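Overview (structure and organization)
Chain by chain, the residues run as shown.
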Amino acid sequence: MLTYETIAVVLWRLQLARKMISADTTKTMMAPSSSEGDVVGASNQAPHCSYSVMSMASAHEFDDFRLSTPSQQSIEELQPRKDEPNLYNIPSFAYPEYRPLSTILKVLLGSLSIVASSKLNVVKKTSILKVIVIATSTFILSSTFVQDMFYAPSRITTRTLSRNQWLPSPLSKYSIISTSVPSELHQEATTLLMDSIGVHFLEYENSDILTPVEYKFDAIHFNHGFGASSLSWLPVIPSLVKKIGGKIGIAHDAPGFGFTDRPSASGKKAGLVPFSSAGNAALGNSLLNERLKTIEESHVKKVALFGHSMGCASTLKMALTLPTDVEKTIVLVAPALVGNLRNGNRDVSPTAVNVDAPMAKATEVKESIKEITLSQPAKIRNFVRVSTAALRRVILDPILIYMLKRVVGQPKFWNKGLRAVWGDPEKLSDTDALRFQWTSIGQGWENGLLAFTRSRLFSICPY
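Below, the structure is looked at part by part. (Residues numbered from 1 in each chain as written. Predicted model: local features only at pLDDT ≥ 70, side-chain atom pairs only at ≥ 80, totals over all residues. Heavy atoms only, no water.)

**Considering the overall build of the protein chain**
Stated formally: Secondary structure elements follow DSSP: runs of H or I of four or more residues count as helices, runs of E of two or more count as strands, with numbering from the N terminus. Think of it in three bands: with a 1.4 Å probe and only protein chains considered, a residue is buried below 20% of the maximum accessible area for its type, exposed above 50%, and partly exposed in between. Every accessible area reported is derived by Shrake-Rupley at a probe size of 1.4 Å, with residue values counting cover from the shown protein chains alone.
Scanning the protein chain from terminus to terminus reveals 12 helices and 10 strands. For the protein chain, the proportion of its 463 residues judged to be buried stands at 44%. Of the roughly 24800 Å² of accessible surface on the protein chain, a fraction of 61% belongs to carbon and sulfur atoms.

This is the structure we're talking about:
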């Protein structure tokens, strides 16, 4: 009679077979290995010199899909969508969703569950109803385990995607940026240095205008909203840049979203700064300033800053901290802003100015908690901080990460979710959904989303 030991042996053999199959199939789709000192490719197109210095990546960041026999490797060339030539299809070997178990595997797991529960019934004389419940529970748990082990969504680092020219768009670029957050945008008295971070961004150059005098804007920047990425602006960037006479259009992924790196927050307030709107604004300005440097000093520099939803806060902070000699035009689309506006000598409540009142209330609650915490002895504060951090890392974060992976990894998640919020659900295309789904193959996106959420609560940079 089959036992749980038999089930374990079967699953072990399945895992060995999966590794063997994976090793064989990977050889047909990978790019030649590069040495650890190689520069990460900055674009999906022909290699070019990026304005920022690329740091050497550690070996473990390249472990995914790396082989030791370059002669047997080849690059899979991504194919653009017919209805959106600036968007590639996801690589054929990458799976953004959980794959269903085969019928044979379901029958096998179901049979093993029934046999195991029947043996329990013989030994302990359990009731038939309890046997059915145990068999069903065993089948669900074993199916979930097998699906997570062998049929889970793919996770690939941005450096791997960049190196093998698998980034989502022909306009995609990836560069390591070192920048800082000015004191105006955070609660410290001095400029706050940010660690180097790899940023994925789209860059479109307008070739229709040949002379600099004809450009109305030297650069146009786009900030995306919550749950999105720079790809949400992809369909309109080329046409909008041409329409309003821009020289270049740039849209980058905010940390915590898209394919921009997710630096380790490690429980420190300063570590959350890159995920805040101020940190995101600093990255956007860094991209803009590098391009504005090439413009002659006699020329009046002009930029247009677009922001959507959550990204509007970063757009406004970019405008505040760009050089004063740069003329700014700001366009906010469905802005999600939090705070009080001043009307003369009195504050205007969030409700009166039609901003997010619930978020403002949450900010007030946070300040109250902060006051109560600071009133406690230092030893108690340290104990609470260490205990909370340990609880979050060991229990809360793993649970939330798995839940996010499960929910977003469900088939047609993006199609169904976007239809609920799309202006006209009937006009939502598969390509629209793909622009949001693309980033779910990125390594660590769940951790990035949690870090972004924590930055709204604990970062030294205000919203």
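Next, the rest of the story.
**Details of the packing of aromatic side chains**
What counts, and what does not: Ring pairs are drawn from Phe, Tyr and Trp, using the six-membered ring of Trp, whenever the two centres fall within 6.5 Å, and their geometry is named by plane angle: stacked under 30 degrees, edge-to-face over 60, tilted for the rest.
The tally for this structure, following the rule as stated, stands at 10 aromatic pairs. Ring plane angle 45° and centroid distance 5.0 Å describe the contact between F222 and W233, whose orientation is recorded as tilted. On the criterion of sequence distance, the pair formed by F222 in strand β5 (residues 219-223) and W233 in the loop between β5 and α5 (237-243) is long-range, its members being 11 residues apart. The pair F222 / W233 is uniform in exposure class, with both members buried. Measuring from centroid to centroid gives 5.9 Å for W414 and F436, while their planes differ by 35°, and the two rings are tilted. One end of the pair, W414, is in helix α10 (residues 413-421); the other, F436, is in helix α11 (residues 430-437), and 22 residues separate them in sequence. Judged on exposure class, the residue W414 and its partner F436 are both buried. Members of the aromatic cluster, each reached through a chain of ring pairs, are F222, W233 and F306.

**Observations regarding the environment of E214**
As for its position among the elements, E214 is in the loop between β4 (197-205) and β5. With relative accessibility at 47%, the residue E214 sits in the partly exposed group. Taking the C-alpha atoms as reference points, E214 and G246, separated by 32 residues in sequence, lie 9.2 Å from one another.

**Some points on the pairing of strand β7 (residues 301-308)**
Formally: Paired strands, as defined in this entry, are two strands with at least two bridges between them according to DSSP. Handedness of a crossover is defined as follows: orient the strands so they point away from the viewer, and if the path from the first strand over the helix to the second runs clockwise, the crossover is right-handed.
Judged by how many residues are buried, β7 sits mostly within the fold: 6 of 8 residues are covered. Pairing of β5 with β7 involves 5 bridges; the strand directions are parallel. Pairing of A219 across the sheet is with V303, part of β7. Taken together, β7, helix α7 (residues 311-321) and strand β8 (residues 326-333) constitute a β-α-β crossover, and its handedness is right-handed.

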